[in-house]
Amino acid sequence: MREALRSWRFARGLKACAAKGDARLAHYAQADWPEADTLIGDASLLALDFELDGLSSNAHVLQAGWLAFDVREIDLGTAQSFDVKSARRLDDDAVVVHGIGEQRARAGDSLDGVVGELVAALAGRIMVAHSASIEREVIARVTRARFGLALPVRSICTLALERRLNPNLVGSGAYRLAATRARYGLPAYSQHDALSDALAAGELLLAQLSRMPRDTRLGRLEAL
């Protein structure tokens, strides 16, 4: 029932995209979207990460990074990383975390342009992120501002999957991206760089899938 409702909502969102009269949204709506019962091995994926000016609901996007992959390979040729232009006074604590100061933020690419590139990259692909609800919420917010609608997005959350594969771990940091990668023997990467974190999430999903049945279906992962 939940899967049927999720599919219905996504199809309704695509229909709204097609009706907007925007070429990028039309391309997104007409993309070859996989069915929920598709084997994960046959799905096209896009690892994504945003760096934000804090955690508030209106936090500015300061950096976006993504790259396409599937279970066979991570296509580094598709990797994209954008600093996003922001003229606001940045949160000092957030600057310490991601290292993007106000001078660098003022020189970034326009958010509209980055959103357009992201919509094209996501067409026909399932988004993968660690704590994917953040990326979904940001995409909804920036596409609502850019196009007047929240882009429908299908996603797999590596954090939710890890809680299913390794439940009841002790400690607040046990499910953080770096700690989770370490459990699978994956190398440590510099954190809080959007492209590096996107790559880290993509590699993590492949490691998690190596411990799951080969006939795992896409819908099972999206439902977590």
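Cut-offs and rules
- Residues numbered from 1 in each chain as written.
- Predicted model: local features only at pLDDT ≥ 70, side-chain atom pairs only at ≥ 80, totals over all residues.
- Heavy atoms only, no water.
- Axes fitted to C-alpha atoms, helices over the stretch in contact; angles between N-to-C directions.
- Helix = DSSP H or I, 4+ residues; strand = E, 2+ residues; numbered from the N terminus.
- Parallel < 35°, antiparallel > 145°, perpendicular 65-115°, else oblique.
- Left-handed = near helix turned anticlockwise from the far one by under 90°.
- Contact = heavy atoms within 4.5 Å.
- Nonpolar A, V, L, I, M, F, W, Y, C, P; charged D, E, K, R; others polar.
- Salt bridge = Lys/Arg side-chain N within 4 Å of Asp/Glu carboxyl O.
- Buried < 20%, exposed > 50% of the residue type's maximum accessible area, 1.4 Å probe, protein only.

A. The packing of helix H7 (residues 158-165) against helix H9 (residues 194-209), seen in detail. Contact geometry for H7 and H9: axes closest at 10 Å, N-to-C directions at 30°. As the angle between them shows, H7 and H9 are arranged roughly parallel. In this structure, H7 crosses over H9, and the sense of that crossing is left-handed. Mapping the contact onto sequence places Thr158, Leu161, Glu162 and Leu165 in H7 and Ala201, Leu204, Leu205 and Gln208 in H9. The residue makeup of the contact of H7 with H9, split by class, is five nonpolar, two polar and one charged.

B. Inspection of the pattern of salt bridges at higher detail. Taken as a whole and judged by the stated rule, the model has six salt bridges. Among the salt bridges present, the one from Glu203 reaches Arg181, with a minimum N-O distance of 3.0 Å. In this pair, Glu203 is assigned in helix H9 and Arg181 in helix H8 (residues 177-183), connecting sequence segments 22 residues apart. For Arg181, a relative accessible area of 3% translates into the label buried.

C. Structural view of unusual backbone geometry. Of note in this structure, Ser131 is not a glycine but carries a positive phi near 65°. Inspection of the secondary structure assignment puts Ser131 in the loop between strand S4 (126-129) and helix H6 (132-147). Phi at Asn168 takes a positive value of approximately 65°, unusual for a residue other than glycine. As for its placement among the helices and strands, Asn168 is situated in the loop between H7 and H8. A relative accessible area of 72% means that Asn168 is categorised as exposed.

The values reported here are purely geometric and, on their own, carry no functional implication.
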